[in-house]
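Take a look at the letters that make up each chain.
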Amino acid sequence: MLTAIWTPLGVEVTQCDLPDPWLRGLDQLSHDLRARRYGDDIEHIDWVAEYDPDGGAVWLTSSITIAGEKPGGFRGNGMGATVDADEETALVSMADLVQTEIAEVGTAWPWGDTGGFMHPTLADNVAVWTDRTGNTTRIGDLVASD
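Being a predicted model, the structure only gives us computed values, none of them experimental.

Cut-off values and rules
- Residues numbered from 1 in each chain as written.
- Predicted model: local features only at pLDDT ≥ 70, side-chain atom pairs only at ≥ 80, totals over all residues.
- Heavy atoms only, no water.
- Helix = DSSP H or I, 4+ residues; strand = E, 2+ residues; numbered from the N terminus.
- Expected span 1.5 Å × (residues − 1).
- Buried < 20%, exposed > 50% of the residue type's maximum accessible area, 1.4 Å probe, protein only.
- Polar contact = N/O pair within 3.5 Å; in protein donor to acceptor, adjacent residues only side chain to side chain.
- Pairing = 2+ DSSP bridges.
- Axes fitted to C-alpha atoms, helices over the stretch in contact; angles between N-to-C directions.
- Contact = heavy atoms within 4.5 Å.
- Core = buried A, V, L, I, M, F, W, Y, C linked by side-chain atoms within 4.5 Å.

> Help me out: how do you make sense of helix H2 (residues 87-104) in this one?
Residue pairs spaced three or four apart in an α-helix point in one direction, given the helix's 3.6 residues per turn. Under the 1.5 Å per step criterion, the end-to-end length of H2 is 26 Å for 18 residues, consistent within 8% with the ideal 26 Å. The element H2 is extensively covered by neighbouring structure, given that 14 of its 18 residues are classed as buried. Between the side-chain oxygen at the start of H2 and the backbone nitrogen of Glu-88 there is a gap of 3.0 Å, and the oxygen is on Asp-86.

In structure tokens form, the structure reads like this:
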């Protein structure tokens, strides 16, 4: 349903049958990947999103490649979203699925202003990152940290 590759320059979607909210969400997610990483540099991420007819959800799998390392396999662990999900719900699902795989290869993303790992959630129907102090930032709005 969707294939794409992320690099520090942005995301390139190579095939997509998903509705536009998924593509808009992927763009927001791509921005935050550039802005906040801690640990080894991510060279690129290959993405495949597929529809699971048994569960009725779309699942984003990721193959993470850290600079100087071999690519990881396609995996995803987290929550899916329905194919007709709104942009915010699709975005939280994709963020949840990819951040777990990034952690599996030994780096952390996204990293909060005061340090620590952030997690995605919906707050009043808006996709946000929540840091360890409870502060939130809309997904797609992170600024680069020093």
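More follows now that the structure is in view.
> Hey, could you run me through helix H1 (residues 20-35) in this one?
Counted at 1.5 Å a residue, the expected span for H1 with its 16 residues is 22 Å, and the 23 Å between its end C-alpha atoms agrees. Inspection of H1 places Pro-21, Trp-22, Gly-25, Leu-26, Gln-28, Leu-29, Ser-30, Asp-32, Leu-33 and Ala-35 among the buried residues, and these make up the whole buried set.

> So what exactly am I meant to see when it comes to the sheet that holds strand E7 (residues 136-138) here?
In sheet architecture, strand pairing relies on hydrogen bonds along the backbone and comes in two forms, parallel and antiparallel. Pairing in this open sheet of 3 strands is antiparallel, and the strands run E5-E6-E7 from one edge to the other. Looking at strand neighbours, the two that pair on one side only are strand E5 (119-123) and E7, the edges of this open sheet. Averaged over all pairs of adjacent strands, the angle between their axes in this sheet comes to 40 degrees, without regard to strand direction. Strand direction decides the pairing type here: E5 and strand E6 (residues 126-130), joined by 5 bridges, are antiparallel. Its bridge partner lying in E6, Ala-123 is registered against Val-126.

> Explain the side chain of Gln-28 to me, please; I cannot follow it from the model alone.
Note that Gln-28 resides in helix H1. Here Gln-28 falls in the buried class, since its relative accessible area comes to 14%. Residues in contact with Gln-28, not counting those within four places in the same chain, are Glu-87, Leu-91, Arg-138, Ile-139 and Gly-140.

> How should I be thinking about unusual backbone geometry in this particular structure?
In most cases, non-glycine residues show a negative phi, while peptide bonds are predominantly trans. Along the chain, Trp-109 connects to Pro-110 via a cis peptide bond; the corresponding omega equals -15 degrees. Not every positive phi belongs to a glycine, and Asp-124 is a case in point at roughly 55 degrees. With respect to the helices and strands, the residue Asp-124 is situated in the loop between E5 and E6. Positive phi is not limited to glycine here, since Asn-125 has a value of about 65 degrees.

> Mind showing me how you'd approach the sheet that holds strand E4 (residues 57-66) here?
Sheet architecture is open: 4 strands sit in the order E2-E1-E3-E4, paired in antiparallel fashion. The sheet is open, and its two borders are formed by strand E2 (10-16) and E4, each paired with just one other strand. Shown here is a sheet whose adjacent strand axes are inclined to one another by a mean of 15 degrees, direction ignored. Across the sheet, H1 touches strand E1 (2-7), E2, strand E3 (42-52) and E4, and the angle it forms with E2 is around 150 degrees.

> Would you take a moment to explain the nonpolar core for this structure?
Side chains of nonpolar character tend, in soluble globular proteins, to be buried together. Grouped together as the largest cluster of nonpolar side chains are 33 residues, with contacts concentrated most on Leu-29, Ile-45, Trp-47, Val-98, Ile-102 and Trp-129. Going through the elements one at a time, E1, H1, E3, E4, H2 and E6 are the ones with two or more residues in this core. Among all residues touching Leu-29, those that are not within four sequence positions of it are Trp-47, Leu-91, Met-94, Ala-95, Val-98, Trp-109 and Trp-129.

Geometric descriptors of this kind do not, in isolation, establish any biological role.
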